[in-house]
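# Understanding the architecture of this molecule
The residues making up each chain are set out below.
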Amino acid sequence: MARSEPLPFTPLDAWLPLYRNLLIVAGPCSVENRHQLETTAKELAQLKRVPVLRAGVWKPRSRPGHFEGVGAEALPWLQEIKKETGLKIAVEVAQPRHAELCLKHDVDILWLGARTSVNPFMVAEIARAIKGSGVAMMIKNPVSPDLQLWVGSIERIFLAGSNKIIAIHRGFHGYHKSRYRNIPLWNIPLTLKKELPGIPVICDPSHIAGDRRWIKEIAQKAMALKMDGLMIESHHKPEHALTDPMQQITPAELKTLLNQLLTPEKKDEPEKYLAELRALIDDKDNELLELLVERFQLVEEIGIIKKKKKISILQPDRKNDISTDRREKGTTLGLNPDFIDQLLTILHKESVKIQQTINKSTTKQLNN
Ligand code: PEP
Ligand code: MN
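In every chain, residue numbers begin from 1 and rise along the written sequence. Chain A is the first chain written and ligand 1 is the first ligand written, with later ones labelled in order. Local features in this predicted model are restricted to residues whose pLDDT is 70 or higher, and side-chain atom pairs enter the listing and the counts only when it is 80 or higher, whereas totals over whole chains, interfaces and linings include all residues. Processing note: side-chain calculations cover all non-hydrogen atoms of the structure and skip hydrogens and water entirely.

### Observations regarding helix α9 (residues 251–260)
When a residue's accessible area, from a 1.4 Å probe over protein chains only, is under 20% of the maximum for its type it is buried; when over 50% it is exposed; and in between it is partly exposed. Secondary structure is summarised from DSSP: a helix means a run of H or I of at least four residues, a strand means a run of E of at least two, and numbering begins at the N terminus for each. When α9 is considered as a whole, its buried residues turn out to be Pro251, Leu254, Leu257 and Leu258. Buried residues in α9, looked at end-on, bunch into an arc of 110°, giving them a common side. Check the buried side of α9 and you find it contacts β1 (23–27), α1 (34–47), α8 (215–224) and β8 (229–233). As used here, the arc belongs to the directions running from the helix axis to the C-beta atoms. Residues count as neighbours in contact if any of their non-hydrogen atoms are within 4.5 Å of one another.

Written out as structure tokens, the structure is:
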């Protein structure tokens, strides 16, 4: 889509109540039954900070044989909940039929999941189904870290006549071991904001974390990066949830989290905000140090084998392979390539030192 002018997205505060300039979308990963929906929704409404209730009705599951959502039967329940609580309702749509049914049942916001926004054919079909309705849409980033696919999905929905659009950053699939379920790759949502000026972007810490222990730190980071809001999965009994039980929190826990979050708007408490950010840095530095210890333990193991097998400590080919690979990976993750080079140089220097010490020690010492 060749564009000379920015797309005229409707600003969030023109159509949704915000809390401290922040949009909070919360609700269960999936609607499981009427009681669970009602209890959770009412508890969330009582917080008076959550204008939008999210609720999965059709659930995309990796493998068959698991709970796939209540389906269309849940839509009238959501209509009633909306009347009772005044919350706006958001539902994931993965097919044109889902979108048609949602429109028939007054769902306020439809959202495209990460497994849908990755597929331009399906996005085009859903765009056709909502065409002209002007319904509000949230578009999650695609599972793969492809900014243009995300932009394309947003443009397709915009062209179908929806100006009320919100992008949701929910992290990306990665092959490397990480403590998060999805890698945040923060530079991608930040670049999206530059490519589509004025688009509201909210963060979904639940799906990035995959574990409720990490929701707060991700939410705080999203605040530091000036995201426009948060989507957080909330269930009245998270441990019994039929989908994503590890990453949901109770409405009471959500309240605590929102109280603890320091938003840049809290201008009256900049010291507290700074302290929170510094605490996050301290945590990250501790993790880095622990990782370094693990890395140097591996270097030692390798040093022992090199000594036993009389292999030279310096291996230029291996060094070059590491440089090329880490440079490429680091750059994709948004790191500065010069910084990666410098980091690799000091890591290599220290590793060589460790292996030289091993080489000087006696075989007896090594066996102990
Ligand atoms: C969800 O929001 O419950 C969901 C399925 O998310 P995603 O599309 O981000 O995986
Ligand atoms: Mn979920």
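### Description of the nonpolar core
Think of a nonpolar core as a cluster: buried Ala, Val, Leu, Ile, Met, Phe, Trp, Tyr and Cys residues, connected wherever their side-chain atoms sit within 4.5 Å. With 74 residues, the main nonpolar core has Ile154, Leu192 and Leu254 as its most contacted residues. Top contributing element to this core by residue count: helix α5 (residues 147–159), with 6 residues. Every residue in contact with Ile154, bar those within four places of it in the chain, is listed here: Phe9, Ile139, Ile165, Ala167, Leu192, Leu196 and Ile199. Formed by 15 residues, the second largest nonpolar core is a distinct cluster that contains Leu12, Trp15, Trp111 and Met231.

### A short note on the pairing of β8
The buried fraction of β8 amounts to 5 of the 5 residues, a majority that puts the element mostly inside the structure. Here β8 shows a buried face lined by Gly229, Met231 and Glu233 and a second buried face lined by Leu230 and Ile232. With 5 bridges joining them, β1 and β8 adopt parallel strand pairing. Counted as the bridge partner of Val25 is Met231 from β8. We call two strands paired when DSSP finds no fewer than two bridges between them.

### Description of the coordination of the manganese ion (ligand 2)
With water omitted from the atoms examined, metal sites may look incomplete; donors here are N, O and S atoms no farther than 2.8 Å from the metal, or 3.2 Å in the case of Na, K and Ca. The protein atoms donating to the manganese ion (ligand 2) are Cys29 (SG), His207 (NE2), Glu233 (OE) and Asp244 (OD), with metal-donor distances spanning 2.1 to 2.4 Å. Positions of the donor residues of the manganese ion (ligand 2) along the chain correspond to the pattern C-x177-H-x25-E-x10-D. With Cys29 in the loop between β1 and α1 and Glu233 in strand β8, this pair connects stretches of sequence that are 204 residues apart. In this pair, the class of Cys29 matches that of Glu233, namely buried.

### Digging into a nonpolar patch on the surface
A cluster of nonpolar residues, Leu333, Leu335, Phe339, Leu343 and Ile346, forms a patch on the protein surface that exposes about 460 Å² of accessible area. Among the secondary structure elements, Leu333 is positioned in the loop between α11 (316–332) and α12 (337–360). Each patch is built from salt-bridge-free residues with over 30% relative accessible area, joining like charges within 9 Å and nonpolar side chains (Val, Leu, Ile, Met, Phe, Trp, Tyr) within 5 Å. Areas reported here follow the Shrake-Rupley algorithm with a probe of radius 1.4 Å; residue values treat only the protein chains shown as occluding. In the sections that follow, a salt bridge refers to a side-chain nitrogen of Lys or Arg positioned within 4 Å of a carboxyl oxygen of Asp or Glu.

### Topic: the pattern of salt bridges
Throughout the structure, instances matching the rule amount to 17 salt bridges. Here Lys140 and Asp204 are joined by a salt bridge, their closest N and O atoms 2.8 Å apart. Separated by 64 residues along the polypeptide, Lys140 in strand β5 (residues 136–140) and Asp204 in the loop between β7 (201–203) and α7 (205–209) bring together distant segments of the chain. Here Lys140 matches Asp204 in class, with each residue buried.

### Comments concerning the packing of aromatic side chains
For this analysis, a ring pair means two rings from Phe, Tyr or Trp (six-membered ring only for Trp) whose centres lie within 6.5 Å, classed as stacked if their planes differ by under 30 degrees, edge-to-face if by over 60, and tilted for the remaining angles. The tally for this structure, following the rule as stated, stands at 1 aromatic pair. Taking the centre distance of 5.8 Å and the plane angle of 75° together, the rings of Phe9 and Phe158 count as edge-to-face. On the criterion of sequence distance, the pair formed by Phe9 in the segment before β1 and Phe158 in helix α5 is long-range, its members being 149 residues apart. Assessed through its relative accessible area of 8%, Phe9 is described here as buried. By definition, being over a ring means that NZ of Lys or CZ of Arg is both within 6 Å of the ring centre and within 35 degrees of the ring normal. In this arrangement the basic side chain of Arg179 is found over the ring face of Trp214, its NZ or CZ atom lying 4.1 Å from the centre.

### Re the site of ligand 1
For this purpose, a residue is taken to be near a molecule or strand whenever a single non-hydrogen atom of the residue falls within 4 Å of it. Near ligand 1 the following residues occur: Cys29, Arg54, Lys59, Glu92, Trp111, Gly113, Ala114, Arg115, Lys140, Arg170, His207 and Glu233. Interatomic distance of 2.9 Å between a side-chain N/O atom of Lys59 and an oxygen atom of ligand 1. As used in this structure description, the phrase polar contact means that two N or O atoms lie within 3.5 Å; if the pair is within protein, one of them must be able to donate a hydrogen and the other to accept it, and residues adjacent in sequence are counted only when both atoms belong to side chains. Glu233 has a polar side-chain atom sitting 3.3 Å from an oxygen atom of ligand 1. Surface burial for ligand 1 is 97%, taken as the share of its 290 Å² of free accessible area covered by protein chains. Each residue is assigned to one class: nonpolar for Ala, Val, Leu, Ile, Met, Phe, Trp, Tyr, Cys and Pro, charged for Asp, Glu, Lys and Arg, and polar for all the others, Gly among them. Broken down by class, the residue content of the shell around ligand 1 amounts to 3 nonpolar, 2 polar and 7 charged.

### Looking at the side chain of Thr243
Relative to the assigned elements, Thr243 resides in the loop between β8 and α9. The exposure class assigned to Thr243 is buried, which follows from its relative accessible area of 3%. In terms of polar contacts, Thr243 uses its side chain to reach the side chain of Ser30, at 2.6 Å. In contact with Thr243, other than residues within four places in its own chain, are Cys29, Ser30, Glu32, Lys59, Arg61, Phe67 and Gln248.

### Quick word on the sheet that holds strand β6 (residues 165–169)
Pairing in this closed barrel of 8 strands is parallel, and the strands run β1-β2-β3-β4-β5-β6-β7-β8 around the ring. Averaged over neighbouring strand pairs, the angle between their axes works out to 25° when direction is ignored. The pairing of β7 with β8 spans 2 bridges and is parallel. Bridging across to β8, Cys203 finds its partner in Leu230. In this fold α8 packs onto β7 and β8, with an angle of close to 165° to the strand it touches most, β8. Angular values range over 0 to 180 degrees, each being the angle between N-to-C directions of two axes fitted as lines to C-alpha atoms, with helices fitted over their stretch in contact.

Function-wise, these values are silent; they only describe arrangement.
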